[in-house]
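Fold and contact review
Residues per chain are reported as follows:
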Amino acid sequence: MPQASTAPRTRWTNWAGNQSAHPAKVVTPGTAEELAKEILRAADQGRTVKAVGSGHSFTSIAAPGDGVLVRPYAMTAVREIDRAAGTITVEAGLPLARLNRVLAAAGLSLANMGDIEVQTVAGATSTGTHGTGRDSGSLAAQIRALEIVLADGSVQRCSATENPRLFQGARLGLGSLGVITALTLAVEPVFLLTAHEQPMRFDEVLGRLDDLTAVNEHFEFYWFPHTDRCSTKRNNRSQGPAAPLPRFKEWLEDDFLSNTVWEGACRIGRRFPATVPSIASFASRAWSERTFTDTAYKVFTSPRKVRFVEMEYAVPREAVAEVLRELRAMIERSDWRISFPVEVRFAPADDLWLSTAQGRDTAYIAVHLYRGTAEQGYFTEVEKLMTAHRGRPHWGKLHTRDAGYLAEVYPRFAEFTALRDELDPGRVFGNDYLRRVLGA
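Nothing here was measured: the structure is a model prediction, and the numbers come from that model. (Residues numbered from 1 in each chain as written. Predicted model: local features only at pLDDT ≥ 70, side-chain atom pairs only at ≥ 80, totals over all residues. Heavy atoms only, no water.)

For the rest of this paragraph, the subject is the overall build of the chain. Within the chain, the secondary structure is distributed over 14 helices and 20 strands. Relative to the 2.2 N^0.38 estimate, which gives 22 Å for 440 residues, the radius of gyration of the chain is 22 Å and therefore close to what a compact globule would have. The principal-axis extents of the C-alpha atoms in the chain amount to approximately 65 × 50 × 40 Å. The proportion of buried residues among the 440 residues of the chain is 59%. Counting contacts in the chain only where the partners sit at least 6 residues apart, residues at least 24 apart contribute 72% of the total. Positive and negative side-chain charges of the chain, numbering 52 and 51 respectively, have mean locations separated by a distance of 5 Å. (Helix = DSSP H or I, 4+ residues; strand = E, 2+ residues; numbered from the N terminus. Rg over C-alpha atoms; globule rule 2.2 N^0.38 Å. Buried < 20%, exposed > 50% of the residue type's maximum accessible area, 1.4 Å probe, protein only. Contact = heavy atoms within 4.5 Å. Lys, Arg positive; Asp, Glu negative; His and termini not counted. Charge placed at Lys NZ, Arg CZ, Asp CG, Glu CD.)

Turning our attention to the pairing of strand S14 (residues 218-223). Among the six residues of S14, six are classified as buried, and the element is accordingly described as predominantly covered. Because side chains alternate across S14, one face comprises the buried residues His-218, Glu-220 and Tyr-222, and the other comprises Phe-219, Phe-221 and Trp-223, equally buried. Hairpin geometry of S14 and strand S15 (residues 229-238) is characterised by an intervening segment of five residues between the two adjacent antiparallel strands and by a positive phi of about 75° at His-226. Looking at chain direction, S14 and strand S18 (residues 342-347) are connected through three bridges and run antiparallel. Paired with Trp-223 across the strands is Val-342, a residue of S18. (Pairing = 2+ DSSP bridges.)

This paragraph deals with the sheet that holds strand S16 (residues 290-295). Spatially, the eight strands line up as an open sheet ordered S16-S13-S15-S14-S18-S19-S17-S20, and their pairing is antiparallel. The two strands at the open ends of the sheet, each matched to only one other strand, are S16 and strand S20 (392-393). As defined by bridge partners, strand S17 (residues 308-316) adjoins strand S19 (residues 362-370) across nine bridges and the pair is classed as antiparallel. Note that in S19 the partner of Val-309 across the bridge is Leu-369. Seen against the sheet, helix H11 (residues 378-388) touches S17, S18 and S19 and runs at an angle of roughly 10° to S17. (Axes fitted to C-alpha atoms, helices over the stretch in contact; angles between N-to-C directions.)

The next subject is unusual backbone geometry. Backbone torsion omega between Gly-240 and Pro-241 reads 5°, so that peptide bond is classified as cis. Turning to its location among the elements, Pro-241 is positioned in the loop between S15 and helix H7 (247-271). For Leu-174, which is not glycine, the phi dihedral falls at a positive 60°. Residue Gln-376 is not a glycine yet carries a positive backbone phi of 50°. As for its placement among the helices and strands, Gln-376 is situated in the loop between S19 and H11.

The subject of this paragraph is the nonpolar core. Of all hydrophobic cores here, the largest spans 58 residues; its most connected members are Leu-99, Leu-174, Leu-354 and Trp-395. Setting aside anything within four residues of it in sequence, one finds Leu-354 in contact with Leu-172, Leu-174, Trp-395, Tyr-410, Phe-413, Phe-416 and Leu-438. (Core = buried A, V, L, I, M, F, W, Y, C linked by side-chain atoms within 4.5 Å.)

Following the criterion strictly, the structure yields zero disulfides and no others. Here Cys-230 is not disulfide-linked; the sulfur of Cys-266 is the nearest cysteine sulfur, at 18 Å. The exposure class assigned to Cys-230 is buried, which follows from its relative accessible area of 1%. (Disulfide = S-S within 2.5 Å.)

So, on to the environment of Glu-91. One can find Glu-91 in strand S7 (residues 87-91). For the pair Glu-91 and Leu-438, spaced 347 residues apart in the sequence, the C-alpha separation amounts to 27 Å. Apart from the residues within four sequence positions on either side, Glu-91 is in contact with Ala-74, Met-75, Thr-76, Ala-77, Arg-79, Thr-181 and Ala-182. A distance of 3.3 Å separates the side chain of Glu-91 from the side chain of Arg-79, its partner in a polar contact. (Polar contact = N/O pair within 3.5 Å; in protein donor to acceptor, adjacent residues only side chain to side chain.)

Turning to the confidence of the model for the chain, a few remarks are in order. Looking at the chain as a whole, its pLDDT mean stands at 94, while 98% of the residues score no less than 70. Segment residues 1-7: pLDDT under 50, and zero contacts once partners within four positions in sequence are set aside and those in other chains are kept. (pLDDT = per-residue confidence, 0-100.)

Quick look at the packing of H7 against helix H8 (residues 276-286) now. Contact geometry of H7 with H8 gives a least axis separation of 9 Å together with a crossing angle of 160°. Here H8 runs roughly antiparallel to H7, going by the angle between their axes. Remark: the crossing between H7 and H8 carries left-handed chirality. Here Trp-262, Ala-265, Ile-268 and Gly-269 of H7 come into contact with H8, specifically with Val-276, Ile-279 and Ala-283. Of the residues contributing to the contact of H7 with H8, the split by class is six nonpolar, one polar and no charged. (Parallel < 35°, antiparallel > 145°, perpendicular 65-115°, else oblique. Left-handed = near helix turned anticlockwise from the far one by under 90°. Nonpolar A, V, L, I, M, F, W, Y, C, P; charged D, E, K, R; others polar.)

Moving on, we get to the sheet that holds strand S10 (residues 155-159). The strand order across the open sheet built from five strands is S6-S7-S11-S9-S10, with neighbouring strands paired in antiparallel fashion. Looking at the sheet topology across the chains shown, the edges are occupied by strand S6 (78-82) and S10. Ignoring which end each strand starts from, the neighbouring axes of this sheet average 10° apart. Pairing of strand S9 (residues 143-149) with strand S11 (residues 179-186), which is carried by six bridges, proceeds in the antiparallel orientation. Across the sheet, the residue bridging to Ala-145 is Thr-184, located in S11. On top of the sheet, helix H1 (residues 32-44) reaches S9, S10 and S11; it is set at about 50° to S9, its chief contact. Against the sheet, helix H2 (residues 96-105) contacts S6, S7 and S11, and its axis sits at roughly 145° relative to S7.

Within this structure, the stated rule accounts for 10 aromatic pairs. Aromatic side chains Trp-15 and Phe-308 sit 5.4 Å apart centroid to centroid with 75° between the ring planes, which places their arrangement in the edge-to-face category. Placement of the pair is Trp-15 in the loop between strand S1 (12-13) and strand S2 (20-21) and Phe-308 in strand S17, with a sequence separation of 293 residues. For the pair shown, Trp-15 and Phe-308 are each scored as buried. Aromatic ring contacts, followed pair by pair, group Trp-15, Phe-58, Phe-308 and Phe-340 into a single cluster. The ring of Phe-191 carries the charged tip of Arg-237 above its face, separated from the ring centre by 3.7 Å. (Phe/Tyr/Trp six-rings, centres within 6.5 Å; stacked < 30°, edge-to-face > 60°. Lys NZ or Arg CZ within 6 Å of the ring centre and 35° of its normal.)

What follows is the structure, encoded as structure tokens:
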């Protein structure tokens with residue numbers, strides 16, 4: 001009689017190391033048709049299917065459980081660059097870093113992006129990854145068409161004019177409607193950004209916030225808890241010439257200080273919490289004023305090697321100053337020792353059903369903890385503050401909200417869940433996280 005296999009299952013973990021799973025099977029399809037066969041096979045076996053990119057979500061949104069894990073590594077082709085339409089069509093597994101370089105070589109660029117580029121295109125868009133911008137929104141808002149494999153094995157293409165309802169939901173679909181295999185993104189001629197980074201006091205930033213966000217195309221800032229100091233960043237388009245940072249200075253400030261030295265400081269703070277306020281004071285002074293001009297993606301992104309866990313909430317733009325003052329007061333009256341700065345970014349309203357900026361101009365407030373640091377109620381209390389202001393949690397970052405709460409803060413929530421019921425009634429693409437945030 002044949003013996004049951006005792007080979008250990010593959011263990012999947014995310015980038016931060018706070019989520020893991022042991023899928024029954026790992027597949028790497030090379031085409032949408034191969035993927036469709038795997039989805040139908042899994043459904044016949046009663047298994048779920050989850051596509052996993054670079055694992056940069058802190059939630060379990062992509063966790064495959066004991067189902068089938070789809071790796072997108074064989075679907076990374078650039079299918080078409082359409083200069084007349086101003087678009088590029090790429091396969092879902094293409095990392096943003098490679099996309100940026102393909103675009104630059106073709107004299108093209110995305111309008112906006114987040115501050116890291118290691119994610120896959122589909123993973124970044126499906127979780128609502130965003131940067132900061134006065135006029136330009138998230139990566140998902142830049143999608144013009146997509147190809148997706150549904151639970152019934154059909155390969156569907158959709159856009160604003162072809163299957164528009166599917167397009168409206170799938171642009172930012174949390175992986176709950178199907179597995180995206182290709183995306184068409186809006187692009188434009190390559191451009192330069194001039195970055196101006198400047199230290200500023202907390203009260204000065206909040207006092208000037210309306211002006212800073214109105215005058216600058218891309219404004220963000222970091223506030224260092226236990227201090228009154230912020231690091232502000234203003235990125236605006238430039239006619240040039242390019243004036244990038246010297247290579248040594250770039251390595252020293254953006255890699256060595258921001259990663260190697262910061263990693264050591266975080267370890268000290270985790271081991272000796274009483275040192276954190278002194279570390280924060282030092283860190284807030286370590287990044288001095290500087291200005292440089294470079295290709296857009298090189299300004300938008302920077303290496304992030306220090307591992308952490310993160311919670312981020314989107315609050316109405318008009319509430320951000322009040323929320324930040326409440327957050328500062330909460331930290332000051334607590335016993336917490338917070339080594340990571342609080343990150344604040346902005347986005348215009350958009351029309352995506354599950355976008356954190358859906359229907360309202362938005363400010364994003366992100367809080368972080370170095371990996372292994374005891375939470376001690378920090379995220380719990382921050383979440384209470386954010387939800388008191390009708391905050392919407394970033395889908396890929398830690399939160400405890402459920403479908404009941406989310407239905408109250410997303411006007412189109414019921415339309416999305418109805419679409420999901422139609423496309424995946426058997427929940428082939430479900431997992432514990434999606435059951436919590438979208439309902440059973």
